[in-house]
Amino acid sequence: MDFSKEQLKDFYRTMYTIRVFEERVNELFLAGKIPGFVHLYIGEEAIATGVCAVLSKDDYITSTHRGHGHTIAKGADLKKMMAEIYGKTTGYCRGKGGSMHIADFSIGMLGANGVVGGGYNLAVGAALAAKLMKTDQVSVCFFGDGASNRGTFHEGMNMAAAFKLPAIFVCENNQYASTTPYRTTTSVENIADRAVGYGIPGVVVDGNDVFAVYEAAKTAVERARAGGGPSLIEAKTYRVKGHFVGDPELYRSKDEVRDRFENDDPLKNFRKQVLTANQLTEGELEEIEKQVQEELDAAVAFAEESPYPEPGELFEDLYVEGWEEVCGK
Ligand SMILES: Cc1ncc(C[n+]2csc(CCOP(=O)(O)OP(=O)(O)O)c2C)c(N)n1
Ligand SMILES: [Mg+2]
């Protein structure tokens, strides 16, 4: 497939932004600047980037506990993201949600989710709304290999297939669910094989190749927009960092991680491909890196300078305005 120079630059900009955002979050967490928990997406950048490149601003996504990459790829504001992760009032949830609760409805990002497997039915609900309202929006559910063993997987997949909803299920198989290698808890070799049980297409793609992910997503999105119903994409990848920052990683060796990352880094793969094919120059890639670093520095400065919520605000922003009327209280 032919991509324009602008498209290629956008792929790199998004993947690089995710990579350096996550590296910075890692440093800041270890420096004690960030409260709570963070789960990093390093090594999985090509999946969110390839899928979201196919989507329009008003298409929906649902995310996971490892959600920074999806949120960046859907076009979120880095300043508001960083401020939220810091727990500051200028963040997406006024500092009360943190890393696992970032949402931005204005760009169709329906939320990260601390509940593993919590995204399926939100995504299916959004897809049902799009179908009933006859818009051409699609809804993408990102989820992990571990999450594919939850009951909500079946509920979501079955309903989307039975009602032919414009939903795309994207499994990020990063080989582990916390400390558990996926093969020890999964009955099939490929999670995509389960699509057969719902009568929908299921494909396996190299999740570290942004072009392969884009192609698969494009096929699924076109099918969904045309009324063809849902698809399941399994993107094989590798979780390079611990399950969360601070994970002692006793369940795998350092050599395994180094070998996987050195030999199959989605950013390196992309660089190699576009440079070898003379599609982009080293200078053009470096220019993007410089711009992204500046944007990231500005986001960190914004988060640092922003205030924490006041203790008196503790019970504010918990419910949407007018909830008493809606609930008949
Ligand atoms: C319903 C539920 N069960 C268990 C957990 C604890 N938990 C958090 S992340 C995780 C593993 C998820 O693995 P996977 O779906 O493969 O996603 P990954 O972390 O690899 O991105 C578990 C068990 C949870 N948050 N929610
Ligand atoms: Mg996993």
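So, a few notes on the structure that sits alongside this text. Computed from a prediction, not measured in an experiment: that's the story for all the values here.

Describing the overall build of the protein
Part 1: Check the secondary structure of the protein and you find eleven helices and seven strands.
Part 2: Rg of the C-alpha trace for the protein: 20 Å, near the compact-globule value of 20 Å for 329 residues, within the 12% margin.
Part 3: Residues classed as buried in the protein amount to 47% of the 329 residues present.
Part 4: Across the protein, the fraction of contacts at a sequence separation of at least 24, relative to all contacts at a separation of at least 6, is 76%.

Here's the deal with the environment of Ile-200
Part 1: Mapping Ile-200 onto the fold places it in the loop between strand S5 (180-181) and strand S6 (202-206).
Part 2: Given 22 C-beta atoms within 10 Å, Ile-200 falls into the buried group.
Part 3: Taking the C-alpha atoms as reference points, Ile-200 and Lys-164, 36 residues apart in sequence, are found 9.5 Å from one another.
Part 4: When residues no more than four places from it in sequence are discounted, the contact partners of Ile-200 are Ala-161, Ala-195, Gly-229, Pro-230, Ser-231 and Leu-232.

Observations regarding the site of ligand 1
Part 1: As a matter of local geometry, ligand 1 sits amid 17 residues, with Val-116, Gly-144, Gly-146, Ala-147 and Ala-177 nearest to it.
Part 2: Grouping the constituent residues of the shell around ligand 1 by class yields five nonpolar, nine polar and three charged.

Some thoughts on the pairing of S6
Walk down a regular strand and you will see the side chains alternate between the two sheet faces.
Part 1: Where S6 meets strand S7 (residues 231-236), five bridges bridge the pair, whose relative direction is parallel. Bridging from a neighbouring strand, Asp-206 pairs with Lys-236 of S7.

Some words on the environment of Ser-4
Part 1: Turning to its location among the elements, Ser-4 is positioned in the segment before helix H1 (5-30).
Part 2: Using a count of 9 C-beta atoms within 10 Å as the deciding quantity, one classes Ser-4 as exposed.
Part 3: Sequence separation between Ser-4 and Gln-279 is 275 residues; the distance between their C-alpha atoms is 8.8 Å.

A few points about helix H5 (residues 120-132)
Part 1: Taking 1.5 Å per residue as the helical rise, H5 with its 13 residues ought to reach 18 Å, and the 18 Å between its terminal C-alpha atoms agrees with that figure.
Part 2: Looking at H5, one finds that the buried residues are Tyr-120, Leu-122, Ala-123, Val-124, Ala-126, Ala-127, Ala-130 and Lys-131.
Part 3: Residues of H5 that are buried make contact with strand S1 (60-62), strand S2 (139-144), helix H6 (151-162) and strand S3 (167-173).
Part 4: Immediately beyond the C-terminal end of H5, within one or two residues, lies Lys-134, with a positive phi of roughly 55 degrees.

Considerations on the nonpolar core
Part 1: Among the nonpolar cores identified, the biggest contains 87 residues, and Val-140, Ile-168 and Val-170 are the most heavily contacted of them.
Part 2: The dominant element in this core, judged by the number of residues it contributes, is H1, at nine residues.
Part 3: Aside from chain neighbours lying at most four places away, what touches Ile-168 is Val-138, Val-140, Ala-217, Ala-220, Val-221, Ala-224, Pro-230, Ser-231 and Ile-233.

Examining the packing of H1 against helix H2 (residues 45-52)
Part 1: Running from N to C, H1 and H2 cross one another at 140 degrees; their axes reach a closest spacing of 9 Å. Relative to H2, H1 is oriented oblique. As for the relative orientation of H1 and H2, their crossing is right-handed in sense. Two secondary-structure elements touch here, H1 through Phe-11, Thr-14, Met-15, Ile-18 and Arg-19 and H2 through Glu-45, Ala-46, Ala-48 and Thr-49.
Part 2: Of the residues that constitute the contact of H1 with H2, the class distribution is five nonpolar, two polar and two charged.

Structural notes on the packing of helix H4 (residues 78-86) against helix H10 (residues 282-305)
Part 1: The contact between H4 and H10 brings their axes to 8 Å, and the two run at 45 degrees. Considered as vectors, H4 and H10 are oriented oblique to each other. When the axes of H4 and H10 are compared, the crossing they make is right-handed. Of the residues in H10, those in contact with Leu-78, Lys-79, Met-82, Ala-83 and Tyr-86 of H4 are Glu-295, Leu-296, Ala-298, Ala-299, Val-300, Phe-302 and Ala-303.
Part 2: Grouping the amino acids of the contact of H4 with H10 by side-chain chemistry returns ten nonpolar, no polar and two charged.

Points about the sheet that holds S1
Part 1: The sheet built from five strands is open, its strands ordered S1-S2-S3-S7-S6 with parallel pairing. Edge positions in the open sheet fall to S1 and S6, since each of these has one partner strand only. Across the sheet, the mean angle from the axis of one strand to that of its neighbour is 20 degrees, orientation sign disregarded.
Part 2: Relative to S3, S2 runs parallel, the two being bridged by six bridges. Within S3, the residue paired with Val-140 across the bridge is Ile-168.

Comments concerning the pairing of S3
Part 1: Buried residues dominate S3, accounting for seven of its seven residues.
Part 2: Here S3 shows a buried face lined by Ala-167, Phe-169, Cys-171 and Asn-173 and a second buried face lined by Ile-168, Val-170 and Glu-172.
Part 3: In the classification by handedness, the crossover that spans S2, the intervening H6 and the parallel S3 is right-handed.
Part 4: Inspection of the sheet shows S3 paired to S7 by six bridges, in the parallel sense. Counted as the bridge partner of Glu-172 is Ala-235 from S7.

What counts and how
Residues numbered from 1 in each chain as written. Chains lettered and ligands numbered in written order. Predicted model: local features only at pLDDT ≥ 70, side-chain atom pairs only at ≥ 80, totals over all residues. Helix = DSSP H or I, 4+ residues; strand = E, 2+ residues; numbered from the N terminus. Rg over C-alpha atoms; globule rule 2.2 N^0.38 Å. Buried ≥ 20, exposed ≤ 12 C-beta atoms within 10 Å, placed from the backbone. Contact = placed C-beta atoms within 7 Å. Near = placed C-beta within 6 Å. Nonpolar A, V, L, I, M, F, W, Y, C, P; charged D, E, K, R; others polar. Pairing = 2+ DSSP bridges. Expected span 1.5 Å × (residues − 1). Core = buried A, V, L, I, M, F, W, Y, C linked by C-beta atoms within 7 Å. Axes fitted to C-alpha atoms, helices over the stretch in contact; angles between N-to-C directions. Parallel < 35°, antiparallel > 145°, perpendicular 65-115°, else oblique. Left-handed = near helix turned anticlockwise from the far one by under 90°. Right-handed = clockwise from strand over helix to strand, strands pointing away.

Spatial relationships are all this shows, so hold off on functional conclusions.
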